[in-house]
There are 2 protein chains.
Amino acid sequence: MTTYRYKALITYDGTDFAGFQIQSNARTIQGELEASLKKLAKGEKIRIHGAGRTDAGVHARGQVVHFDFPFFIELEGMQKALNAMTSSEIAVTHIELTDKDFHSRFQAKGKMYRYTVDNNRFRDPFLRRFASHHRYPMAVEPVEEALQHLLGTHDFTSFASTHGETSHNTRTIYQASVEVNEAENKWVFTFIGNGFLYNMIRIIMGTLLEVADGRRPASDIPVILEAKDREAAGKTAAPEGLCMERVYYDEEDIPGRQK
Amino acid sequence: MTTYRYKALITYDGTDFAGFQIQSNARTIQGELEASLKKLAKGEKIRIHGAGRTDAGVHARGQVVHFDFPFFIELEGMQKALNAMTSSEIAVTHIELTDKDFHSRFQAKGKMYRYTVDNNRFRDPFLRRFASHHRYPMAVEPVEEALQHLLGTHDFTSFASTHGETSHNTRTIYQASVEVNEAENKWVFTFIGNGFLYNMIRIIMGTLLEVADGRRPASDIPVILEAKDREAAGKTAAPEGLCMERVYYDEEDIPGRQK
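Residues numbered from 1 in each chain as written. Chains lettered and ligands numbered in written order. Predicted model: local features only at pLDDT ≥ 70, side-chain atom pairs only at ≥ 80, totals over all residues. Heavy atoms only, no water.

As recorded in an unreviewed UniProt entry, chain A goes by tRNA pseudouridine synthase A and comes from Alkalibacterium indicireducens. The Sequence similarities (unreviewed entry) comment attached to chain A in UniProt states, word for word, "Belongs to the tRNA pseudouridine synthase TruA family." (UniProt positions renumbered as here; feature names shortened; annotations may be inferred.)

Quick look at the structure:
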């Protein structure tokens, strides 16, 4: 049977979802998209595959999914229908037809994540869905030193949740940076890497917050990496600050990647 | 009896509130703040007075309230207690003691409002609580021309909801401007005036959106003002784009005000 493989770019506010991956008794991004596709496919079940499975409360501005559809619907119509049928927390921002051998997860060469921190003394109601709140004063110099230690290829076992499935824990971080918006007391961290272990950015962030408020020196980072022990790192930071910004399928597109 | 008059600066996400003003069977900003104050006052009912009564779904970053409290609680403690007791949608960002003759509404000399429009083809899930969606392409030049026509002192009857209580409909607009964020397709309008009639900014915005997408010429604005008839203006734009940014108590602080 001929099917058509579609590739779509998805933005979502993950606040009120139990994560990306479909679950039987919870509201998920995958569940909502698949329900809409099933209606469009006249009752046929359509499976979607995402580039990454974001956790409960985590957001995306550049999640990539692919799915095979049993008949052709032109792109504009497919995008409009999916946007009309899913809740306003999810938007399909781009859609295209792709090759049968394209796979959103297996072919990803890198990803960009952002993590936003609200450093106001009292949590800002405008930031609360998309930023984690940290009430203690934060200093930027030790944070930048700590970010430098994270760059490059390391065994990130210490920064991986023990629920993680992989045994091979070596990853490369091409960019780890922070921008401070002083007017809003908002800190935006950017991480670009060839892949991230389960909870890796949130554990890095929990550790960086301890560096930022002075509970730990930046020089702890190499010691933590060396330990290869989850207990050596800080807490897992809250999910709401995390957003999957972009998936790279071409290594040439990855900023900071050495040739 | 000695009471202490407090003045507080309030930020709120109005999405899930039925507006500022207290109502018997609905969740309101005033209702939530007064419930917290009553507990702090050991059961005594405390009335708060806001500088403006924002409608259902409208936000504030600079609402000013005052209230008389029956005993002294130091400022830091009062602020912390109110923030702890109200939901995360409301934040008390500043608090001070003020004179007995200060009144948040009667002494306001001017106000700044912002109105945010999401002009993406499909509504952006990250903007949806704080921006109104307008799907049609918008042009900036006619909008800027229309904004010029609104500046100055006019009878704004055509831009006032007929539910409004005032008979005297002359107001002065000191600033009416727009900034376009092209990367996000986000348009932020700023209005500063000595006062605004009921629904005035939302009716102005409904009319400006028609100018922006070409349904009306900018030269309609003086004609609408002249008509002094609500029917002459456009629709009332959606509440979620509107935010009360600042209340001015000193005319010297108002940008664009002629001396």
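(A) View of the pairing of strand 9 (residues 186-193) of chain B. Residues and elements named next belong to chain B. The buried count for strand 9 comes to 6 of 8 residues, which makes it a mostly enclosed element. Taken together, the 8 bridges between strand 5 (residues 110-118) and strand 9 define a ladder with antiparallel strand orientation. Following the sheet pairing, threonine 116 is matched in strand 9 by valine 188. Where strand 8 (residues 170-181) meets strand 9, 8 bridges bridge the pair, whose relative direction is antiparallel. Within strand 9, the residue paired with asparagine 181 across the bridge is lysine 186. Where strand 8 folds back on strand 9, the antiparallel hairpin that results is connected by 4 residues, among which asparagine 185 adopts a positive phi of roughly 55°. (Buried < 20%, exposed > 50% of the residue type's maximum accessible area, 1.4 Å probe, protein only. Helix = DSSP H or I, 4+ residues; strand = E, 2+ residues; numbered from the N terminus. Pairing = 2+ DSSP bridges.)

(B) Focus on the interface of chain B and chain A. Contact with chain B, which involves 25 residues of that partner, is made by 25 residues of chain A. Both faces considered, chain B and chain A share a buried interface measuring about 2,000 Å² in area, 60% of it formed by carbon and sulfur atoms. Taken as a group, B:Phe122, B:Phe126 and B:Arg128 account for 34% of the area that chain B buries against chain A, more than any other trio of residues on that side. Our enumeration of links across chain B and chain A arrives at 6 salt bridges. Here B:Arg61 makes a salt bridge to A:Asp124, at a shortest N to O gap of 2.7 Å. The tally of links from chain B across to chain A stands at 10 residue pairs in polar contact (both at pLDDT 80 or more). For the side of chain B that touches chain A, the elements supplying multiple residues, two or more each, are strand 1 (4-12), strand 3 (59-69), helix 2 (75-85) and strand 4 (90-97) of chain B. The dominant element in the side of chain B that touches chain A, judged by the number of residues it contributes, is helix 2 of chain B, at 4 residues. Its residues placed into classes, the side of chain B that touches chain A shows 10 nonpolar, 5 polar and 10 charged. (Contact = heavy atoms within 4.5 Å. Buried area = accessible area lost by both parts, 1.4 Å probe. Salt bridge = Lys/Arg side-chain N within 4 Å of Asp/Glu carboxyl O. Polar contact = N/O pair within 3.5 Å; in protein donor to acceptor, adjacent residues only side chain to side chain. Nonpolar A, V, L, I, M, F, W, Y, C, P; charged D, E, K, R; others polar.)

(C) The arrangement of empty space enclosed by the protein in detail. Residue and element names in this part refer to chain B. Summed over all chains, the structure comprises 1 cavity of 30 Å³ or more. In this model, the largest cavity occupies a volume close to 30 Å³. Lining the largest cavity are Ala8, Ile10, Leu33, Leu37, Ile48, Val65, Phe67, Leu82 and Val92. Contributing elements (two or more residues each) for the lining of the largest cavity: strand 1, helix 1 (29-40) and strand 3. (1 Å grid on protein atoms, 1.4 Å probe; cavity = no way out; pocket = protein on both sides within 12 Å on 5 of 7 lines; lining within 4 Å. Points joined across faces, edges and corners; volume = space filled by probe spheres on them.)

(D) Focus on the packing of helix 3 (residues 140-150) of chain A against helix 5 (residues 220-227) of chain A. Residues and elements named next belong to chain A. As a packed pair, helix 3 and helix 5 sit with axes 8 Å apart at the nearest point and diverge in direction by 35°. Regarding helix 3 and helix 5, the two cross each other, and that crossing is right-handed. Mapping the contact onto sequence places Ala146, His149 and Leu150 in helix 3 and Ile221, Pro222 and Leu225 in helix 5. (Axes fitted to C-alpha atoms, helices over the stretch in contact; angles between N-to-C directions. Left-handed = near helix turned anticlockwise from the far one by under 90°.)

(E) Geometry of the relation of the copies chain B and chain A. Take chain B, turn it by 180°, move it 0.0 Å along the axis, and it overlays chain A with an RMSD of 0.0 Å. Here the two chains are linked by the operation of a two-fold rotation axis. Scanning chain B for the C-alpha nearest the rotation axis identifies B:Arg129, at a separation of 5.1 Å. Residue by residue, 100% of the interface of chain B is reproduced at the interface of chain A, so both copies engage with the same surface. (Least-squares fit on C-alpha atoms with pLDDT ≥ 70 in both.)

(F) Layout of the side chain of B:Lys7. Residues and elements named next belong to chain B. When you line up the elements, lysine 7 lands in strand 1. Buried and unpaired, lysine 7 has glutamate 96 as its nearest opposite-charge partner, separated by 4.2 Å. When sequence neighbours within four positions are dropped, the list of residues in contact with lysine 7 reads Val64, Val65, His66, His94, Ile95, Glu96, Thr98, Phe102 and Tyr249. (Lys, Arg positive; Asp, Glu negative; His and termini not counted.)

(G) Spatial organisation of the pattern of salt bridges. Summed over all chains, the structure comprises 35 salt bridges over all chains. Ionic pairing is found between B:Asp68 and B:Arg5, a salt bridge with its closest N-O pair at 2.8 Å. Note that B:Asp68 is positioned in strand 3 and B:Arg5 in strand 1, a separation of 63 residues in sequence. Relative accessible area serves as the criterion here: at 14%, B:Arg5 is assigned to the buried category. Salt bridges linked by common partners bring A:Asp13, A:Asp16, A:Arg129 and B:Arg128 together as one network.

(H) Representation of the environment of A:Val180 in the model. Residue and element names in this part refer to chain A. As for its position among the elements, valine 180 is in strand 8 (residues 170-181). Given the relative accessible area of 34%, valine 180 is considered partly exposed. Placed 45 residues apart in sequence, valine 180 and leucine 225 show a C-alpha to C-alpha distance of 26 Å. Leaving out residues up to four positions away in the same chain, valine 180 has contacts with Val140, Lys186 and Trp187.

(I) Structural detail: the side chain of A:Thr11. Within the fold, A:Thr11 resides in strand 1 (residues 4-12). In terms of polar contacts, A:Thr11 uses its side chain to reach the backbone carbonyl oxygen of A:Arg61, at 3.2 Å. Aside from chain neighbours lying at most four places away, what touches A:Thr11 is A:Ala60, A:Arg61, A:Glu89, A:Ile90, A:Ala91, A:Thr93, B:Asp124, B:Pro125 and B:Phe126.

(J) Representation of the packing of helix 1 (residues 29-40) of chain A against helix 2 (residues 75-85) of chain A in the model. All names here are of chain A. Closest axis-to-axis distance for the helix 1/helix 2 pair is 10 Å, and the angle between their directions is 125°. In terms of orientation, helix 1 and helix 2 fall into the oblique class. When the axes of helix 1 and helix 2 are compared, the crossing they make is right-handed. Taken together, the residues of helix 2 that come into contact with helix 1 (itself represented by Ser36, Leu37, Lys39 and Leu40) are Met78, Ala81, Leu82 and Met85. Split by residue class, the contact of helix 1 with helix 2 holds 6 nonpolar, 1 polar and 1 charged. (Parallel < 35°, antiparallel > 145°, perpendicular 65-115°, else oblique.)

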